[in-house]
Amino acid sequence: MATAQDVAAYILEKRGLTEAMKLHKLVYYAKAWSLVWDEDPLFGERIEAWANGPVCRSLYATYHREYLIAKPVAGSSASLSRDQKMTIDAVLDAYGDKSAIELSELTHRESPWRDARAGLADGERSQNAITDHAIKTFYASLLESTDSEPV
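Residues numbered from 1 in each chain as written. Predicted model: local features only at pLDDT ≥ 70, side-chain atom pairs only at ≥ 80, totals over all residues. Heavy atoms only, no water.

**Q** Teacher, can you tell me more about the environment of Ala118 here?
**A** Of note, Ala118 is situated in the loop between α6 (111-116) and β5 (129-130). Spatially, the C-alpha atoms of Ala118 and Asn128 are 9.6 Å apart, while their sequence positions differ by ten residues. (Helix = DSSP H or I, 4+ residues; strand = E, 2+ residues; numbered from the N terminus.)

As structure tokens, this is what we get:
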């Protein structure tokens, strides 16, 4: 199975210079839509409901000292299948032009992040997991209600 690092590497290879927060959100959306479209998680690491939106802890550990990331320092896009790359490409088409702040605000309006943070104050630290089940259920419902692609 691919890792969050592999997905991040592919995104950085495709997009180039990317804010760390934006990278986290794009990796999250790639996993979300892979659960819906491919019916399989893109990577196994869990997503946590941090104050500024969904974050993969292993990805944070790699890039936590960076604001702008120019190239991957871990992972390999070669670990991704053709279908996985197609899923990520579709996510980049849908979300790639949004700013880090816009993506963070978008995740804050969506139930997987909100539900995982239930009972927490704004800005409060959290390691609560956003489950694959919650992610898949929410994003699949978006397709059912609009019969369209993401956002």
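Picking up after the structure, the text goes on.
**Q** Can you help me understand a nonpolar patch on the surface in this one?
**A** Nonpolar side chains collect at one region of the surface, where Leu17, Tyr67 and Leu68 lie side by side and expose about 350 Å² of accessible area between them. Within the secondary structure layout, Leu17 lies in the loop between α1 (4-15) and β1 (18-19). (Patch = residues over 30% accessible without salt bridge, like charges linked within 9 Å, V, L, I, M, F, W, Y side chains within 5 Å. Areas by Shrake-Rupley, 256 points an atom, 1.4 Å probe, with all protein chains shown as cover. Salt bridge = Lys/Arg side-chain N within 4 Å of Asp/Glu carboxyl O.)

**Q** What exactly am I supposed to notice about the sheet that holds β5 here?
**A** Strand pairing within a sheet occurs via backbone hydrogen bonds; the two strands may be parallel or antiparallel. With respect to topology, three strands assemble into an open sheet ordered β3-β2-β5, the strand pairing being antiparallel. The two strands at the open ends of the sheet, each matched to only one other strand, are β3 (53-56) and β5. As paired elements, strand β2 (residues 47-50) and β5 share two bridges and run antiparallel to each other. Opposite Glu48, over in β5, you have Ala129 as the bridge partner. The sheet contacts of helix α2 (residues 20-38) involve β2 and β3, and relative to β3 the element is tilted by about 85 degrees. (Pairing = 2+ DSSP bridges. Contact = heavy atoms within 4.5 Å. Axes fitted to C-alpha atoms, helices over the stretch in contact; angles between N-to-C directions.)

**Q** Can you help me understand the environment of Ile69 in this one?
**A** Tracing the sequence through the fold places Ile69 in strand β4 (residues 68-69). Considering only alpha carbons, one finds Ile69 and Lys14, 55 residues apart in sequence, at a separation of 13 Å. If we skip the residues at most four places from it in the chain, Ile69 touches Leu12, Gly16, Leu17, Thr18, Ala20, Leu23 and Tyr63.

**Q** What's the story with α1 in this structure? I'm lost.
**A** At 3.6 residues per turn, the α-helix brings residues three or four places apart onto the same side. The first and last C-alpha atoms of α1 sit 16 Å apart over twelve residues, in line with the 16 Å expected at 1.5 Å per residue. Among the twelve residues of α1, nine are classified as buried, and the element is accordingly described as predominantly covered. Buried within α1 are the following residues: Ala4, Gln5, Asp6, Val7, Ala8, Ala9, Tyr10, Ile11 and Leu12. The inward-facing, buried residues of α1 contact β1, α2, β3, α3 (57-63), β4 and α4 (82-95). After α1 finishes, the residue Gly16 shows a positive phi value of roughly 75 degrees. (Expected span 1.5 Å × (residues − 1). Buried < 20%, exposed > 50% of the residue type's maximum accessible area, 1.4 Å probe, protein only.)

**Q** Hey, could you run me through the pairing of β3 in this one?
**A** Strand direction decides the pairing type here: β2 and β3, joined by four bridges, are antiparallel. Within the sheet, the bridge partner assigned to Glu48 lies in β3 and is Val55. With antiparallel pairing between neighbouring strands as the criterion, β2 and β3 make up a hairpin whose turn holds two residues.

**Q** Can you walk me through the packing of aromatic side chains in this structure?
**A** For any pair of aromatic rings, the description consists of the separation of the ring centres together with the inter-plane angle of the planes. For the structure shown, the criterion picks out eight aromatic pairs. Pairing Tyr28 with Tyr139 gives two aromatic rings, centres 6.2 Å apart and planes at 70 degrees, and the pair type is edge-to-face. You can see Tyr28 sitting in helix α2 and its partner Tyr139 sitting in helix α7 (residues 132-146), a full 111 residues away along the chain. By relative accessible area, which is 0% here, Tyr139 ends up buried. Ring plane angle 65 degrees and centroid distance 4.8 Å describe the contact between Trp50 and Tyr60, whose orientation is recorded as edge-to-face. Of this pair, Trp50 sits in strand β2 while Tyr60 sits in helix α3; the two residues are ten residues apart in sequence, bridging distant segments of the chain. Pairwise contacts between aromatic rings join Tyr28, Tyr29, Trp33, Trp37, Tyr95, Phe138 and Tyr139 into one cluster. (Phe/Tyr/Trp six-rings, centres within 6.5 Å; stacked < 30°, edge-to-face > 60°.)

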